[in-house]
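# Working through the structure, step by step
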Amino acid sequence: MTDLSPAIRWFEQNGWTPLEFQRAVWGAYLGGESGLVHAATGTGKTLAAWWGPLLEWMAETGHAGTASEARPRVKRAAAPPLRVLWITPLRALAADTIESLAAPVHDLGLPWTLETRTGDTKPGMRARQSKRLPTALVTTPESLTLLLTRPEARELFGELRAVVVDEWHELMGTKRGVQTELALARIRTLAPRARTWGLSATIGNLDAARDALLGVGPTAKRGPIVRGVERKSVVVDALIPPVIERFPWAGHLGTTMVPQVVAAIAEAESTIVFTNTRSQTEIWYQAILAERPDWAGTIALHHGSLDRKTRDWVENAMRDGSLRCVVATSSLDLGVDFTPVDRVLQIGSPKGVARLLQRAGRSGHRPGGVSRVTCVPTNALELLEVAAVRDGMESGAIEARLQVERPLDVLAQHLVTVALGGGFVASELLAEVRSTRAYAALTDEEWEWALEFVGSGGESLRSYPEYARLERENGRYVLTDREQARRHRMSIGTIVSDAQIVVQYLRGGVLGSVEESFVARLTPGMRFFFAGTPLEFVRVRDMRVWVRRAPNTKGAIPRWMGSRLPLSDELAHLLRRRLQEAAEGVYRGPELEALRPLLELQRKWSAIPRADELLIERVHSRDGWHLFVFPLEGRLVHEGLAALVAYRMSRLVPISFAMSSNDWGIELLSPDEPPLEAALEAGLLSPDRLIDDLPASLNAAEMAKRQFREIARVAGLVFPGLPRSGKTARQLQASSGLFFDVFQRYDPDNLLLAQAHREVLERQLERSRLGAALQRLSVARVVVTAPKRVTPMAFPLLVDRTRNKVSSEKLADRIKRMQVALERAAG
Amino acid sequence: MSASVIIAGETLELCAERAVWWPRRRILLVADPHFGKAAAFRALGVRVPRGTTGDALARLDVLVARLAPARIEFLGDFLHAREGRNPGTFAAIAAWRARHAGIEMRIVRGNHDRRAGDPPAEVGMACVDGPVREGSLALAHHPAPCDDAYVLAGHVHPCVVLVGRARQRERLPCFLFGAEVGVLPAFGDFTGCAEVEPNEGDEVWVVAADQVMRVGRASTRAPGA
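Thresholds, definitions, all that
- Residues numbered from 1 in each chain as written.
- Chains lettered and ligands numbered in written order.
- Predicted model: local features only at pLDDT ≥ 70, side-chain atom pairs only at ≥ 80, totals over all residues.
- Helix = DSSP H or I, 4+ residues; strand = E, 2+ residues; numbered from the N terminus.
- Buried ≥ 20, exposed ≤ 12 C-beta atoms within 10 Å, placed from the backbone.
- Contact = placed C-beta atoms within 7 Å.
- Rg over C-alpha atoms; globule rule 2.2 N^0.38 Å.
- Axes fitted to C-alpha atoms, helices over the stretch in contact; angles between N-to-C directions.
- Parallel < 35°, antiparallel > 145°, perpendicular 65-115°, else oblique.
- Nonpolar A, V, L, I, M, F, W, Y, C, P; charged D, E, K, R; others polar.
- Pairing = 2+ DSSP bridges.
- pLDDT = per-residue confidence, 0-100.
- Core = buried A, V, L, I, M, F, W, Y, C linked by C-beta atoms within 7 Å.
- Arc of directions from axis to C-beta.

### Points about the overall build of chain A
- The helix and strand inventory of chain A stands at 32 helices and 27 strands.
- When the 827 residues of chain A are sorted by exposure, 49% land in the buried category.
- Counting contacts in chain A only where the partners sit at least 6 residues apart, residues at least 24 apart contribute 76% of the total.

### Some points on the overall build of chain B
- From N to C terminus, chain B includes four helices and 16 strands.
- Here chain B has a C-alpha radius of gyration of 17 Å; the compact-globule value for 225 residues is 17 Å, and the two agree.
- Here the C-alpha coordinates of chain B stretch approximately 55 × 40 × 30 Å along the principal axes.
- Of all 225 residues assigned to chain B, the portion counted as buried reaches 51%.
- Here the analysis covers contacts within chain B between residues at least 6 apart in sequence; of these, 67% occur between residues at least 24 apart.

### Describing the packing of helix H23 (residues 635-650) of chain A against helix H25 (residues 690-700) of chain A
Residue and element names in this part refer to chain A.
- With their axes 8 Å apart at the nearest point, H23 and H25 run at an angle of 95 degrees to one another. Taken together, the axes of H23 and H25 are roughly perpendicular relative to one another. Contact residues: H23 offers Ala643, Leu644, Tyr647 and Arg648, while H25 offers Asp693, Leu694, Ala696, Ser697, Leu698 and Ala700.
- Here the residues of the contact of H23 with H25 sort into seven nonpolar, one polar and two charged.

### Re the sheet that holds strand S2 (residues 84-87) of chain A
Residues and elements named next belong to chain A.
- The strand order S3-S4-S2-S5-S6-S1-S7 describes an open sheet built from seven strands, whose pairing is parallel. On the outer flanks of this sheet lie strand S3 (114-117) and strand S7 (225-227), each paired with one strand and no other. Recorded for the sheet is a direction-independent mean angle of 20 degrees between the axes of neighbouring strands.
- Bridge analysis of S3 against strand S4 (residues 136-139) gives four bridges, and the strand direction is parallel. Counted as the bridge partner of Glu115 is Leu137 from S4.

### Quick word on the sheet that holds strand S7 (residues 126-128) of chain B
Residue and element names in this part refer to chain B.
- In spatial order, the strands read S1-S2-S3-S4-S5-S6-S7; together these seven strands make up an open sheet with mixed pairing. The open sheet has two edge strands, strand S1 (3-7) and S7, and neither has a second partner. Direction aside, the axes of adjacent strands within the sheet are offset by 25 degrees on average.
- Here strand S4 (residues 27-30) pairs with strand S5 (residues 71-74) via four bridges, running parallel.

### With respect to unusual backbone geometry
- With omega at -10 degrees, the peptide bond leading from Gly130(B) into Pro131(B) counts as cis.
- For Pro131(B), the position within the fold is in the loop between S7 and strand S8 (132-134).
- The backbone phi angle of Arg406(A) is positive, close to 25 degrees, even though this residue is not glycine.
- Mapped onto the elements, Arg406(A) comes out in the loop between helix H15 (382-395) and helix H16 (408-420).
- What makes Arg406(A) buried here is the crowd of 22 C-beta atoms within 10 Å.
- Even without glycine at this site, Ala166(B) takes up a positive phi of about 55 degrees.

### As for the confidence of the model for chain B
- The predicted model of chain B averages 90 in pLDDT, with 96% of residues at 70 or higher.
- Both scores are given for the predicted complex: the pTM is 0.80, the ipTM 0.82.

### Quick notes on the nonpolar core
- Grouped together as the largest cluster of nonpolar side chains are 278 residues, with contacts concentrated most on Val326(A), Leu75(B) and Val206(B).
- Ignoring anything within four residues of it in the chain, the contact list for Val326(A) reads Ile272(A), Ala300(A), Leu301(A), His302(A), Val314(A), Met318(A) and Leu332(A).
- Listed in part, the 15 residues of the second largest apolar core include Leu511(A), Val514(A), Phe537(A) and Val547(A).

### Structural notes on the environment of Gly178(B)
Residue and element names in this part refer to chain B.
- Checked against the element boundaries, Gly178 lands in the loop between strand S12 (168-177) and strand S13 (181-183).
- Note on Gly178: 16 C-beta atoms within 10 Å, which makes it partly exposed.
- Separated by 21 residues in sequence, Gly178 and Asn199 have C-alpha atoms that sit 7.8 Å apart.
- Discounting chain neighbours no more than four positions away, the residues touching Gly178 are Asn199 and Asp202.

### Things to note about the pairing of strand S6 (residues 195-200) of chain A
Residues and elements named next belong to chain A.
- Within S6, six of the six residues are buried, which leaves the element mostly enclosed by the surrounding structure.
- Residues Arg195, Trp197 and Leu199 of S6 are buried on one face, and the alternating residues Thr196, Gly198 and Ser200, pointing to the opposite face, are buried as well.
- With four bridges connecting them, strand S1 (residues 35-38) and S6 associate as parallel partners. Bridge pairing in S6 places Leu36 opposite Gly198.

### Looking at the confidence of the model for chain A
- Here chain A averages 84 in pLDDT, while 89% of its residues score no lower than 70.
- Within the model, pLDDT remains below 50 along residues 721-728 of chain A, and this stretch shows nine contacts once partners closer than five positions in the same chain are excluded.

### Re the environment of Leu479(A)
Residues and elements named next belong to chain A.
- Positionally, Leu479 belongs in the loop between strand S15 (476-478) and helix H19 (482-490).
- Residue classification places Leu479 among the buried residues on the basis of 24 C-beta atoms within 10 Å.
- Taking C-alpha positions, Leu479 is 63 Å from Thr785, a pair spaced 306 residues apart along the chain.
- Residues in contact with Leu479, not counting those within four places in the same chain, are Val416, Ala419, Leu420, Arg469, Leu470, Gln484 and Ala485.

### Overview of the pairing of S4(B)
All names here are of chain B.
- The alternating pattern of S4 places Ile27 and Leu29 on one face and Leu28 and Val30 on the opposite face, and all of these are buried.
- Of the pairings in the sheet, the one linking strand S3 (residues 19-22) to S4 comprises three bridges and is antiparallel in character. Across the sheet, the residue bridging to Trp22 is Ile27, located in S4.
- Adjacent in sequence and paired antiparallel, S3 and S4 are bridged by four residues, among which Arg26 carries a positive phi angle near 55 degrees.

### Description of helix H17 (residues 426-434) of chain A
Residues and elements named next belong to chain A.
- All buried positions along H17 are accounted for by Leu429, Glu432 and Val433. Viewed end-on, H17 has its buried residues packed into an arc of 95 degrees, placing them on one side of the element.
- Buried positions along H17 lie against helix H9 (175-190) and H16.

Shown next as C-alpha cells:
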C-alpha cells in the first residue's frame, strides 16, 4: 500500500484536509484502476487526479518530498520522461491547469518538468519537446493526435503512467470526443501501464461517459465512478421586462433589457455576462458601454475568436478582481476559477439544465457563497424557458450527452494518423478501434471500406485510378509520402469552421480573427465592431484584414458560423408542461405572471397548445401562405419535421416551400396555398412510411449535403484554408458541396455519403427524439386556427432568416417567378 | 432546349448543356471544361471518383450530334493542372477527338492551361493565346474588354442567386452578357461556380435543368434576402 502521507501533509500545510472522494481516487489509482470522477467545478477534482501519479512516483523513487527553500531549476534532461498526459478541451485552459499542477510539484521540490502543448505553443518549445517531452504534458485532443503521428510514438509513451481527461463531459458526444476515444485506445496499446482518469461535471449518463473513456469489449476494465462534491445551492431568477412587448423579437439582440442588466452589474462586485454567440458578445459589450461610458476600462469581452493575448489579459484581470464585468461566450464556461465573481447573467435562453448549472457554477466560489444566475430574456417567450429550466433544476432533470456512433470520417483520419505514427497491422488495429465505445459496433464492411478509403488498395479502387495514400510494407500499413504527411498533420481535428482571417491594425497589433465570409462583404472604408472596438476596414493583404481604429459610430458586427444550441429534450418536455398549465389558466411564478398578457393574447387570437395537442396556425400575408406548426420538441427535431411535412405536402400538389424552425415550432412558407386538409387526411404526421419518407425529405431539403461539409473536411477531402499555400494547395480546392455532388453521381455507394445521411438523422435530428415526437404527434389532437395576424408564438419564426427549401415544382416554372438577387448592392 | 441572343450582330444560341452555338459560322463554344481535375486530386491523395471526364465528353457528343459543328472553340482551362496529366485522361480525350476527326478544334489558353500545359500533339488540338478575333467577336479566356470586338470568355464560372416570393431562393449557373463582354458558364461538372451580381443593363440567362431562361434583376431588395 502506497503511503498517502505526503499528500495529506501538503494539504495540511495549505490549511486543507483531503476530501473523501480525493482519497478514494488516489487509492483507486495507486491500486491500478482507471475511472471517472464527477463533481462540480472548483471542488478539487484536479488534485484528486494529480496526486495519484505524484504519490506513485515518490514511492517508486523514494523521494521524500521535502523541498529546499530555493527551488532548483529542473534540468530538462534530468527530469523523468513523460509520465502524465493531461488532456483539456480548451487550449485556453492549458496555462491555468499547469499553474494548479505546478503548486505541489514546486512545494515538494520534485524534479518534474510541466509543460503545455497546444496550437498556441511557440516553435522553440515545440522543438525542445520534439527532442524530449516533459514529465507531465497538458495538451488538447488535436495536439495529442499530432503526437501519435510521430514515428517514435511507442517510445514517447513508454513511461506513461496516467492519462487525465479534464472536462470529459465537454468532449463526449462530439467528434472531438470520438477522436479522443481513439487516441486513448492507442495509448492503451502503446503504454499498457497507463491508467485513464476522466474528470466530468455531473451529467445524465455517467455510465456511458465512463465506458467511452475507458473503452469496452473483452479486455476493458470497468473502473469506478467516483462522486465528488455536489453543487452548492444554485439560485435561478430572471430579469423581467417592465413591459412585455406584444411581439417578442426572436434571435436578435433584445438589448431593450440593457438598463436592467447594467443595474444588476452595478449591484455586484464582479459579474460574468454569458451570451450564446460571439456576435452577441460584441453587441452586448457595446450596449453596456453605451449605457455606462464611465465603465470603459473596467469591462471587457472574451470569446474564442479574440487574440490569445487579449484573452489572457482578460482572464488574469478577472482573477485578481480588477474587472467589474466580462461579457463572454462558452469560452469562459470551463475550468478557470474566478473567485471574485459573485454574479452570473445569462443573456437569452440557456437551452439546457446542465449548461445553466455549469454557468451558474462560475460564481459564488467564496466560502459560503451561493451560486446565483440571472437569466435575461431576449424575447418574451424566453421567460417561459427560464421557468422551465428552473423546474428542471429543482427536479434534477440533468441532460444526458448524446453519443456519436462510429463516424467513418474520424476513423479515416485516425488510420492515416496511425500509419504515420509507426504504421499498423490491420487486424491488430481493428481490435483496438473496436475497443472504443464509439466503434464497438463497427462492421467488417465498414472497416474494410475505411481502410480502402485511405488508399491501401482493394477491389473497389477501380473507380480511383492514380490514387494511393497508404502503402504496405511487410504486412504493415504506412504512409511515407512527405507532402501527404504534412497535409494530414495540418488538417488533424474535427472542428470545422470557415477559413479564419487575422484582423490586424495597420500599426501592428493583432486583434483576433474573423471568418472569410464576413471579410468578403467588407469594402474599404466600411466600419465594423470587433473585439469591442470600432474599426475601419482598410484592405486585405497577405491573408490579413488590415484595419484602423474608427470613431465610435455604427457598424457591422461579424458573425461566426456555429450552430445555435437546441432546446434539450428535458427542457422541451418541461416547457410543454408549463404551456399546458397556462392553457388551464394556471400561471406559476414571476415569469409566468409577467407573460400572462402575452399568452392570453395568444389564446385569444389562436390557442395555447396543451401537452396532448398540436397547434397549427395558417396565415396569409403579402409574403405568401404561412403554416406555423408547434410541436414544441426543440429545433433539431423541428428541422426534420419541417422537411418531412413539406415533403409530404409537396407530393400532393406541385408546390415550393421555404422552411424555418426554432425551438418552439416550424414555419412553412409557400407562394401558393398548401393542401393542409388533404395532407392531414393522408397522414401528414403519421409514423407510417417514415423509413421511405424521411430520407427522401432530407434529400429534398439538401440536409445531407450540408452535413457533408464537416465530413469532407475531417476525412481529408477538403483542406482548411492555409495562408501562403502554394499552387498545389489551391488546385486542390473544391467545395464540399461539389464533392457531395460528384460522389452522389459517380460513386453513390460511398460510405461517407451514407454517413452524412446517418449524421443528419442521428445527430442533427436526433432520430430517437424525432421518432418519439412523431409517436406523440400522431395521437395528438390537431388544432388548426386561422389567426388574422401572426401570433406571439409564431412571430419569432417569421423573422428567422435561415431557411431550407423543398419543392416539387418544375425548376423552370419556379424560375419564371424569380429575379436575380442584389443583396450586396442593397447592403 | 436553347435560347437565342443577338450579340454584335451575330445570332448565338445558348445551350442548356452550358455551351454556345454560333450557327452562321457553325462554331460551338465551350468554356472551362477543366479536364483532369479529378485525376489531379487523386494524384495528390484526395479521393475523387472517376467519371467526370467521360461524362463531359458524352455531353459534348450530344451537342455534336445535334448541331454538327464545323469547329469547336474551347475558351480556356481545357486542362486543370499539371498533376492531372495522365494517360487515362488523355486516352479518353484522344479517342473522343478521333471520333470527331472532321471537326476543327482549338483551345484558347486559360490561366490553368498555362501551368498544366497543352494536351499532347497526338490529341490534335490547336492551341493559341487569346483573344482571337472571329468576325465581329473576340474569343478569350479572361473576360477583359477588347478594343474593337465583343468578347466571349470563360474563367468566371458564373452563377446567380435568384429570389422570389415567399422567400424562394435558387442558385444557378448562367450566361452573363455585359456591354462589351459575354461570359459562359463552366462546362466541367467538377468545377463549382462563383456568384456574380449583374450590373444594370447586363443580360442574364440561367441554366434551369434542361432549359435556358432569361432572368431580370430584382428592382428592390427581395423579401428576406
